[in-house]
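Secondary and tertiary structure notes
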Amino acid sequence: MSERSGKVQTVLGLIEPDQLGRTMTHEHLTMAFECCHVPPAPGDEDLATAPIKMKNIHWLQQNPYSHKENLLLNQETEAVKEELLCYRKAGGGTIVENTTTGIHRNLPVLRQLAKDTGVHVLAGAGYYVDATHSDETKKMTVEKLTDIIVSEVLHGADGTDIRCGVIGEIGTSWPITESEKKVLRATAHAQTHLGCPVIIHPGRNKAAPAEAIRILQEAGGDISKTVMSHLDRSIFDHGELLEFAKMGSYLEYDLFGTEMLNYTFNLDVDMPSDSQRVQILAFLIKEGYEDRLLIAHDIHTKNRLTKYGGHGYSHILKNIVPKMLSRGITQNQVDKILIDNPKHWLTFK
Ligand SMILES: CCC(=O)NCCS(=O)(=O)O
């Protein structure tokens, strides 16, 4: 048994699982997303370079990835700190910060935010999608990748002594690349060694979540302690969703607050509204999955912050929970989704 067994590892050290409280299992507090810039539509070039102003907010919400400055959440630490204080006031306890290598993880900033706000923050080990893997990363063996991920959890990451409390978000594209497959196998090996929580970012295809789970499974990963993120934009057919749910991972709806007409990363996808997300949660609860559901906002661009007219980190607590209750989801089920399920996922075996 390790010192982590039965505990949760935050950026300020180990805590008891009961200390977590209400938990957003997929957020970013500081990161940069230049890797995923989408050129603006013809005619929108001026909007894409204009300073962020009230009159441009709607365009920004519809085209968040076409404005380079909007992709730099790491410039907004003061605003994020204010938001975390509001999150605490609204009853929030913990944030799982999913920034991994490739999108500018900054552990000292996470530690300072946790100290300044009293919100428990967990950091993520491992690597984002292939497009951000360095040449050095791409050349690594599964064994080397495993050693690095294990060390990020046991000793600290990025040259600091700040330890990660989850592996992920581990990035995958569609189709999953060879480098991403190695990282998935290393994730499974590290999880076997550590007994820790894992969280996966699937490629933008309905087959992507199951394929990532199969690779983890074949490498010995513990799927019952693994979260599949971004199901909001991945699997739409209810039958296919239930087939995926049977594989046994946690099912995460983590794009609450994102309502856009054209999802520029995949124009075939109609991004659901928050009301539709609540309907899907109610459906999965009816089908017996209330112990496997997790929710979050996945804030990763400036426009999602209240400073820029966005919904902020408290949207779920302030607006979505009342909506869930009004749609027949019970308080006990809400508490499972926000408190009990995150607690079980985040506790080391
Ligand atoms: C780093 C943040 C991230 O990957 N968010 C997911 C966005 S999406 O793929 O669901 O559009």
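Residues numbered from 1 in each chain as written. Predicted model: local features only at pLDDT ≥ 70, side-chain atom pairs only at ≥ 80, totals over all residues. Heavy atoms only, no water.

What about the UniProt feature "binding site: a divalent metal cation 1" (unreviewed entry) in the protein?
- UniProt feature "binding site: a divalent metal cation 1" (unreviewed entry): in the numbering of this structure it lies at H26, H28, E169 and D298. These annotated residues cover 273 residues of sequence, and their C-alpha atoms lie no more than 10.8 Å from one another, placing them together at a single site.
- Inspection of the secondary structure assignment puts H26 in strand 3 (residues 22-27).
- With relative accessibility at 0%, the residue H26 sits in the buried group.
- Leaving out residues up to four positions away in the same chain, H26 has contacts with V96, N98, E169, I199, S229, H230, E252, D254, A296, H297 and D298.
- Relative to the helices and strands, E169 is located in strand 6 (residues 166-171).
- Taking the relative accessible area as the measure of exposure, E169 reaches 2% and is therefore buried.
- Not counting chain neighbours up to four residues away, the residues in contact with E169 comprise H26, H28, N98, T100, Y127, Y128, I199, H201 and H230. (UniProt positions renumbered as here; feature names shortened; annotations may be inferred. Helix = DSSP H or I, 4+ residues; strand = E, 2+ residues; numbered from the N terminus. Buried < 20%, exposed > 50% of the residue type's maximum accessible area, 1.4 Å probe, protein only. Contact = heavy atoms within 4.5 Å.)

What to know about the site of the ligand
- The environment of the ligand is made up of 15 residues, and the closest members are Y128, R204, R233, Y263 and D298.
- Here an oxygen atom of the ligand sits 2.9 Å away from a polar atom, N or O, in the side chain of R233.
- At a separation of 2.8 Å, a nitrogen atom of the ligand approaches a polar side-chain atom of D298.
- In the complex, 99% of the free accessible area of the ligand, which totals 330 Å², lies under the protein chains.
- Residue composition of the shell around the ligand, grouped by class: seven nonpolar, four polar and four charged. (Near = heavy atom within 4 Å. Polar contact = N/O pair within 3.5 Å; in protein donor to acceptor, adjacent residues only side chain to side chain. Areas by Shrake-Rupley, 256 points an atom, 1.4 Å probe, with all protein chains shown as cover. Nonpolar A, V, L, I, M, F, W, Y, C, P; charged D, E, K, R; others polar.)

Details of the side chain of T94
- Its place among the elements puts T94 in strand 4 (residues 92-97).
- Those residues within four positions of T94 in sequence are excluded, and the remaining contacts are L20, R22, T23, M24, Y87, V119, H120 and L122.

With respect to the sheet that holds strand 8 (residues 226-228)
- Spatial strand order, 3-4-5-6-7-8-9-10: eight strands in an open sheet with parallel pairing. Each of the sheet's edge strands pairs with one partner strand only, and the pair in question is strand 3 and strand 10 (293-295). Between one strand axis and the next, the sheet turns through 25 degrees on average, direction left out of account.
- As paired strands, strand 4 and strand 5 (residues 120-125) are joined by four bridges and run parallel to one another. If you follow T94 over to strand 5, its bridge partner there is H120. (Pairing = 2+ DSSP bridges. Axes fitted to C-alpha atoms, helices over the stretch in contact; angles between N-to-C directions.)

Here we look at the confidence of the model for the protein
- Here the protein shows a mean pLDDT of 98. Residues at 70 or above account for 100%.
- Scored as a whole, the predicted complex attains pTM 0.98, and scored at its interfaces, ipTM 0.98. (pLDDT = per-residue confidence, 0-100.)

Regarding helix 4 (residues 107-117)
- Of all the positions in helix 4, only L107, L110, L113, A114 and T117 are classed as buried. Projected down its long axis, helix 4 shows its buried positions confined to an angular sector of 120 degrees, all on one face.
- Phi turns positive, to about 80 degrees, at G118, one or two residues after helix 4. (Arc of directions from axis to C-beta.)

Side note on the packing of aromatic side chains
- The final tally for this structure, using the stated rule, is five aromatic pairs.
- With a centroid separation of 5.8 Å and an interplanar angle of 65 degrees, the aromatic rings of F33 and Y65 are classed as edge-to-face. Of this pair, F33 sits in the loop between strand 3 and helix 1 (45-49) while Y65 sits in the loop between helix 2 (57-62) and helix 3 (77-89); the two residues are 32 residues apart in sequence, bridging distant segments of the chain. Of the two residues examined, F33 and Y65, each falls in the buried class.
- Through a chain of ring-to-ring contacts, three or more aromatic side chains come together here, namely F33, Y65, Y128, Y263 and F265.
- Over the aromatic face of F256 sits the side chain of R277, whose NZ or CZ is 5.7 Å from the ring centroid. (Phe/Tyr/Trp six-rings, centres within 6.5 Å; stacked < 30°, edge-to-face > 60°. Lys NZ or Arg CZ within 6 Å of the ring centre and 35° of its normal.)

Quick look at the UniProt feature "binding site: a divalent metal cation 2" (unreviewed entry) in the protein
- According to UniProt, the feature "binding site: a divalent metal cation 2" (unreviewed entry) maps to E169, H201 and H230 in the numbering used here. The annotated residues occupy 62 residues of the chain but converge on a single region, no pair of C-alpha atoms lying more than 10.7 Å apart.
- Inspection of the secondary structure puts H201 in strand 7 (residues 198-201).
- Judged by its relative accessible area of 5%, H201 falls in the buried class.
- When residues no more than four places from it in sequence are discounted, the contact partners of H201 are Y128, V129, E169, I170, G171, T172, S229, H230 and R233.
- Tracing the sequence through the fold places H230 in the loop between strand 8 and helix 9 (238-245).
- Filtering out sequence-adjacent residues up to four positions away, H230 remains in contact with H26, E169, H201, P202, E252, D254, L255 and D298.

A word on helix 7 (residues 178-194)
- Taking 1.5 Å per residue, 17 residues should reach 24 Å; helix 7 reaches 24 Å between its end C-alpha atoms and fits that length.
- Inspection of helix 7 places S179, E180, K182, V183, L184, A186, T187, A188, A190, Q191 and L194 among the buried residues, and these make up the whole buried set.
- Check the buried side of helix 7 and you find it contacts helix 5 (135-139), helix 6 (142-154), strand 6, strand 7, helix 8 (208-218) and strand 8.
- Where helix 7 terminates, the next one or two residues include G195, which has phi positive at roughly 65 degrees. (Expected span 1.5 Å × (residues − 1).)

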